[in-house]
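Tertiary structure, described
Chain residues, written in single-letter form:
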Amino acid sequence: MWKKCRELLGYREMIKSLVRRDLRGRYKSSVLGFLWTFINPLCQIIVYTVVFSRIFRMDIERYYLFLTVVMIPWVFFSSSVSGGAMAVVSQQDLVKKIYFPREVLPISFVTSCFVNMLLSFVVVLVVIAVSGNGFAARALVCLPVVMGIEYVLCLGFAMVVSACTVYFRDLEHILGVLMMAWIYMTPVMYDISFVPDDLLAVFRMNPMTPVAVAYREILYYKRVPDLGNLLWAFLVGILSIAVGAAVFARLQKNFVEEL
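Notes on the structure follow. Only a predicted model underlies this, so the values are computations on that prediction, with no experimental measurement involved.

Applying the stated criterion across every chain, the model contains 11 aromatic pairs. Taken together, a centroid distance of 6.4 Å and an interplanar angle of 40° make the contact between Phe121 and Tyr215 tilted. Within this pair, whereas Phe121 is found in helix H6 (residues 104-131), its partner Tyr215 is found in helix H11 (residues 208-219), the two being separated by 94 residues in sequence. One exposure class covers both Phe121 and Tyr215, and it is buried. Pairing Tyr190 with Phe203 gives two aromatic rings, centres 6.5 Å apart and planes at 80°, and the pair type is edge-to-face.

Here the focus is the packing of helix H8 (residues 143-167) against helix H9 (residues 171-182). Between H8 and H9, the shortest axis-to-axis distance is 10 Å and the interhelical angle comes to 145°. Across the interface between the two elements, Phe157, Val161, Cys164 and Thr165 from H8 touch Leu171, Leu175 and Trp182 from H9. Looking at the contact of H8 with H9, its residues break down into 6 nonpolar, 1 polar and no charged.

Here we take up the environment of Val115. Along the chain, the position of Val115 falls in helix H6. The class of Val115 is partly exposed, set by a relative accessible area of 26%. Here the alpha-carbon distance between Val115 and Ala245, two residues 130 residues apart in the chain, equals 23 Å.

Take unusual backbone geometry next. Of note, the phi angle at Arg62 is positive, near 45°, even though the residue is not glycine. With respect to the element layout, Arg62 can be found in the loop between helix H3 (36-55) and helix H4 (63-84). For Arg62, a relative accessible area of 28% gives the class partly exposed. Backbone geometry places Lys222, a non-glycine residue, at a positive phi of 60°. Mapped onto the fold, Lys222 is located in the loop between H11 and helix H12 (231-251).

Quick look at the environment of Ser162 now. Inspection of the secondary structure assignment puts Ser162 in helix H8. Given a relative accessible area of 0%, Ser162 falls into the buried group. On a C-alpha basis, the gap between Ser162 and Ser82 in space is 9.2 Å, while along the polypeptide they are 80 residues apart. In this structure, Ser162 is in contact with Gly84, Ala85, Ala87, Val88, Pro106 and Phe248, ignoring residues within four places of it in sequence. Reaching out from Ser162, the side chain makes a polar contact with the backbone oxygen of Ala158 at a distance of 2.8 Å.

Rules of the game
Sequence order as written defines the numbering, with residues in each chain counted from 1. For this predicted model, a pLDDT threshold of at least 70 governs which residues receive local features, and a threshold of 80 or more governs which side-chain atom pairs are given and counted, while totals over whole chains, interfaces and linings are taken from all residues. Hydrogens and water are ignored here; the side-chain numbers use all heavy atoms of the structure. Only Phe, Tyr and Trp rings take part, Trp by its six-membered ring, and two of them pair if their centres are within 6.5 Å. Stacked means planes under 30 degrees apart, edge-to-face means over 60, and tilted covers everything else. Numbering of helices and strands runs from the N terminus, with a helix taken as a DSSP run of H or I at least four residues long and a strand as a DSSP run of E at least two residues long. When accessible area is computed with a 1.4 Å probe and restricted to protein chains, residues below 20% of their type maximum are described as buried, those above 50% as exposed, and intermediate ones as partly exposed. The convention used is that axes are lines fitted to C-alpha atoms, helices contributing only their stretch in contact, and that angles between N-to-C directions extend from 0 to 180 degrees. The criterion used for residue contact is that any of the two residues' heavy atoms lie within 4.5 Å. Three residue categories are used. Nonpolar comprises Ala, Val, Leu, Ile, Met, Phe, Trp, Tyr, Cys and Pro, charged comprises Asp, Glu, Lys and Arg, and polar comprises the others, including Gly. Between N or O atoms, a polar contact is any pair within 3.5 Å; within protein, one atom must be a potential hydrogen donor and the other a potential acceptor, and residues adjacent in sequence are included only when both atoms are from side chains.

Okay, here's the thing in structure tokens:
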């Protein structure tokens, strides 16, 4: 394990290069270009706010803020998992031409999504400023911890699905459907207190539940989250990274033939 970590560390410049290339090429041919980094999440937030505050009448004060502080992190998770499925397949020319640790591909993809989330947090800051909600400095100290745990979780899932998709291409489409269902199993558009007691244990098994709750505690309620609740998400992330590493070690030998 440590040997693999040292090897990946030796390819850090390649990871940086792939991250820069992905960020530059993401909206390269579009008219608005980099502005789509902010427009995409903003449009989602507006649609969900209208639906759940006007149509379904979600009785939550400043619902637009309530939604925004979790929607941006959710987009990071969703894009990392569903888009990460194609991290190896989309770079098949590179895989066929030169040797490098194949784990570099999901790592660079998830890191690119993470940087994109950090840039998108401009939307969160603007919405908080407009709402007048303000910040709590003590709670904000915990924000990097929550972001780090979510990154580990996203990376673990992306490593598993990116390796499996090389052999089972339908997984990309399955994950697209799964993400549409997963958002409703995560307290993104509603508060965790809305979940019936008999279903709460099921929702707690979702590793994104404590992550979503922590973001909301910090940025909406302005209080320090219970970091103990995040232990489950962190453990699932570590386990999925371990599984992903094992899957890569077993499957990458035949990546070139399958691609």
